[in-house]
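Residue-level listing of the chains:
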Amino acid sequence: MPDRETMPSAPAPEVSERAAALPQEALKIASGYAFSGPALQLGALLWDGQCLPDAQIRVPLAMLNRHGLVAGATGTGKTKTLQLIAEQLSAQGVPVFLADIKGDLSGIAAPGRSDARVEGRAKDVHQRWTATGFPAEYYALGGNGRGIPVRATVTGFGPVLLSKVLRLNRTQEQSLALIFHYADSKGLELVDLKDLRAVVTFLTSDEGRQELKTIGGLSAATAGVILRSLTAFEAQGASGFFGEPEFDTAELLRTGEDGRGVVSVLELNAVQDRPQLFSTFLMWLLADLFHDLPELGDVDKPRLVFFLDEAHLLFDDASEAFLESITQTVRLIRSKGVGVFFVTQTPKDVPADVLAQLGNRVQHALRAFTPDDQKALNATVRTFPKSPYDLEEVLTNLGTGEAVVTVLSEKGAPTPVAATRLRAPESLMGPVGQEALDRAVRESPLYERYARAVDRESAYERLSDGRGGRGAKGPDEMREATAPVEERTEERPSAVEQVVGSGVFKSLARSVGTDLGGEIWGWVLGSARGWGRRGRLFCSVPPPPPRVDQSRSRSFEGCRGFRVSGWEGGLGALRAASARSRARRTAYGS
């Protein structure tokens, strides 16, 4: 695949002299897209039935973390638009994540093929088209596909997110958190779903019921609901997603040796009929990134951009809790430098609260064959700014590869509505061959790290052989019992460090965008209880940094976003706790 250097970020020119001869309304629209900073090229303006290549339509690179929507009827070119934007982001050094529902985005790694249509489109919009492949990694959920398997542990997923996925009520959610707490305190590691099932079953047995009596107990009815929900969840194919080695979401933030952003293609065509599995993964991924990434505020370019193709599958039959999580995450993750683009057929496929957060719009043609279609068309027209176009007519007459565009300018204001003939992608518009895909997966530096599932001893095995019963000891207790006397006298961690270091705390902290997560962070940071007033959060002297493989550890610089005096001590404690909770994952690193 030919390499291409990162696109220069030179200031964009003002409207050209030839563009000055455009009709007055067209000139006004073109002026709204003459940005001074780096921008992605979308195409050329359509006005009065003609393509005007001197009026280029663009989107500022810095606005790509303000999220977006690519919509349109089937066959209008949405996926090619997604590919066009993803290519240019990669060329600018921005990593990209593509949710490939239909299986036709793997071609982004291979150079495209020139033909009469591509050449004609390039000529129409004044595009210097060059066949180019882009650095890509291929993934699959839990091995459901040909890509590198993506897995998460049950502990890493956490009780809050899992309760949302299982659609548990508040009481059942609290019971599930109690189960996680018990497992964590006894060293019963929850790696996969059979571990969780084993712990729930044990705690409702005659022997296990005594274990929870002192902290609230677990009713048989609640345990039954949780077990039935787990069974239904497993029927969706979720078992393969949970396990080890757990995927490190920092892998999605990589750039290639040439400085271009790596395009991570998640193969989902094998699970497109199981939307709960897809939405489960997305919830975990966004929550994990939100938890780990530092606050950036306004940036020159995004740190990562997601494209979620066929987004209606994500929201169809979604629970209220899931919609709440997505809405809140989309609202807050922008400040982490992450953009999310939803690709779907009509804007009504996306919940209104989410749609309100999407600053960039590329609307392909809509069809109005039924009364419902006409209502959807009218609703779509009303969501655009005022325009000299008759948008209802324009939207029903756009050709393939044409769209109505409005984005956020460098000042954050909506640009004029512009009917646009879009550029052609320069990578292969279609899937690569299976042999080429398999070869790319095997040659990936991540293949050895994640390809083989590891089923080591965890809660299921310990409870099966009777070592998790009454008075079950965790690994720390077992080590203490067999250690020499002088070793047992070493200083034990403080109560706060024990809480912060637990796997349950980490998974709960991931839900910082939710009300419960906010309460937890408020408690830890002391802002809600006044702990931070004294200027020191955990200790007056920061503890020494843990010995962690820096290539695999994640950044906690985002903690600086909390305005607490003397935060360095708390940051050290969090890092130390993080090292303990991630020791298992680090063991599988390269």
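In this numbering scheme, every chain counts its residues from 1 along its sequence in written order. For a predicted model such as this one, the threshold for reporting local features is a pLDDT of at least 70, and the threshold for listing and counting side-chain atom pairs is 80 or more; totals across whole chains, interfaces and linings nevertheless cover every residue. Hydrogens are left out, water is left out, and the side-chain values use all remaining heavy atoms of the structure.

**With respect to the overall build of the protein**
Helix and strand counts for the protein come out as 25 helices and 12 strands. Partly exposed describes any residue whose relative accessible area lies between the buried limit of under 20% and the exposed limit of over 50%, with all areas from a 1.4 Å probe on protein chains only and scaled to the type maximum. A burial count over the protein gives 55% of its 590 residues as buried. By sequence separation, contacts in the protein at least 24 residues apart represent 77% of the contacts at least 6 residues apart. Of the roughly 26,100 Å² of accessible surface on the protein, 50% is carried by carbon and sulfur atoms. Counting from the N terminus, the helices are DSSP H or I runs at least four residues long and the strands are E runs at least two residues long. Here a residue-residue contact requires only that any non-hydrogen atoms of the pair lie within 4.5 Å. Methods summary: accessible areas were calculated by the Shrake-Rupley approach with a probe of 1.4 Å, and residue burial reflects only the protein chains presented.

**Examining the packing of helix H6 (residues 170-185) against helix H9 (residues 220-235)**
Each pair of packed helices can be described by the angle between their axes along with the distance between the axes. The axes are straight lines fitted to the C-alpha atoms, using for helices just the contacting stretch, and the angles between their N-to-C directions are given from 0 to 180°. Interhelical geometry of H6 versus H9 gives an angle of 85° and a closest axis separation of 10 Å. When the interaxial angle is binned, H6 and H9 end up roughly perpendicular. Contact with H6, carried on its side by Gln172, Ser175, Leu176 and Ile179, involves Thr222, Val225 and Ile226 of H9 and no other residues of that element. Nonpolar residues are Ala, Val, Leu, Ile, Met, Phe, Trp, Tyr, Cys and Pro. Charged residues are Asp, Glu, Lys and Arg, and all others, Gly as well, are polar. In terms of residue class, the contact of H6 with H9 is made up of 4 nonpolar, 3 polar and no charged. Note on angle classes: values under 35 degrees are labelled roughly parallel, values over 145 roughly antiparallel, values of 65 to 115 roughly perpendicular, and the remainder oblique.

**Quick word on the packing of aromatic side chains**
In this scheme Phe, Tyr and Trp rings, the latter by its six-membered ring, pair at centre separations within 6.5 Å, and the angle between planes marks the pair as stacked below 30 degrees, edge-to-face above 60, and tilted otherwise. One pass over the full model with this rule turns up 15 aromatic pairs. Here the aromatic rings of Phe97 and Phe306 are separated by 4.9 Å at their centres, their planes lie at 50°, and the arrangement is tilted. Here Phe97, found in strand S4 (residues 96-100), pairs with Phe306, found in strand S8 (residues 304-308); they are 209 residues apart in sequence, far enough to count as distant. Each member of the pair, Phe97 together with Phe306, is buried.

**Some words on the environment of Ile179**
Tracing the backbone through its elements, the reader meets Ile179 in helix H6. Among the residues examined, Ile179 registers a relative accessible area of 0% and is labelled buried. Put simply, Ile179 and Ala223 are 44 residues apart on the chain and 9.9 Å apart in space, counted from C-alpha to C-alpha. Not counting residues up to four positions away in its chain, the partners in contact with Ile179 are Leu196, Val199, Val200, Leu203, Leu218 and Ile226.

**Examining the environment of Ser409**
Mapped onto the elements of the fold, Ser409 is located in the loop between strand S11 (402-406) and strand S12 (418-422). Along the sequence, Ser409 and Ala34 sit 375 residues apart, while their C-alpha atoms lie 9.3 Å from each other. If we skip the residues at most four places from it in the chain, Ser409 touches Phe35, Pro60, Met63 and Thr415.

**Topic: the confidence of the model for the protein**
Known as pLDDT, the predictor's per-residue confidence is scaled from 0 to 100. Mean pLDDT over the protein: 79, with 75% of residues reaching 70 or higher. Below pLDDT 50 for its whole length, residues 584-590 participates in 21 contacts with residues either more than four positions away or in separate chains.

**Structural notes on the pattern of salt bridges**
When a carboxyl oxygen of Asp or Glu is within 4 Å of a side-chain nitrogen of Lys or Arg, the pair counts as a salt bridge. Using the criterion set out here, one finds 19 salt bridges in the structure. One salt bridge in this structure joins Glu189 and Arg456, with 3.0 Å as the shortest N-O distance. A residue pair is termed long-range when its members are at least 10 positions apart, and Glu189 in the loop between H6 and helix H7 (193-203) and Arg456 in the loop between helix H17 (447-450) and helix H18 (459-464) qualify at 267 residues. For Arg456, a relative accessible area of 25% corresponds to the partly exposed category. With a closest N to O distance of 3.3 Å, Arg209 and Asp206 form a salt bridge. Of this pair, Arg209 and Asp206 are both found in helix H8 (residues 206-213), 3 residues apart, which corresponds to roughly one turn of the helix. Using a relative accessible area of 37% as the deciding quantity, one classes Arg209 as partly exposed.

**Let's talk about the pairing of S8**
With 5 of its 5 residues buried, S8 lies for the most part within the structure. In S8, alternate side chains face the same way, and those of Leu304, Phe306 and Leu308 on one face and Val305 and Phe307 on the other are all buried. A pair of strands is treated as paired once DSSP finds two or more bridges between them. In the sheet, S8 pairs with strand S9 (residues 338-344) via 5 bridges, with the strands oriented parallel. In the sheet register, Val305 faces S9, and the bridge partner there is Gly339.

**Structural notes on the sheet that holds strand S3 (residues 68-71)**
Taking strand neighbours across the sheet as the criterion, the 12 strands line up as S2-S1-S12-S11-S10-S3-S9-S8-S4-S7-S5-S6 in an open arrangement whose pairing is mixed. Every interior strand has two partners, whereas the edge strands, strand S2 (50-60) and strand S6 (148-150), have only one. With direction set aside, neighbouring strand axes in the sheet form an average angle of 30°. The sheet contact formed by S3 and strand S10 (residues 360-363) spans 4 bridges and is parallel. The residue bridging Leu69 from the neighbouring strand is Arg361, located in S10. Its contacts with the sheet place helix H2 (residues 78-91) against strand S1 (39-47), S3, S4, strand S7 (263-267), S8, S9, S10 and S12, and it is angled at close to 140° to S1.

**Here's the deal with helix H14 (residues 371-382)**
The α-helix advances 3.6 residues per turn, and as a result positions three or four apart in sequence lie on the same side. Counted at 1.5 Å a residue, the expected span for H14 with its 12 residues is 16 Å, and the 17 Å between its end C-alpha atoms agrees. Looking only at H14, the buried set comprises Ala376, Leu377 and Thr380. The buried side chains of H14 occupy one side of the element, clustering within an arc of 100° when seen end-on. With respect to the buried face of H14, the exposed residues turned more than 90 degrees away are Pro371, Lys375 and Arg382. Against the buried residues of H14 lie S10 and helix H15 (391-397). The span expected for a helix works out to 1.5 Å for each residue beyond the first. In this context, the arc is that of the directions from the helix axis out to the C-beta atoms.

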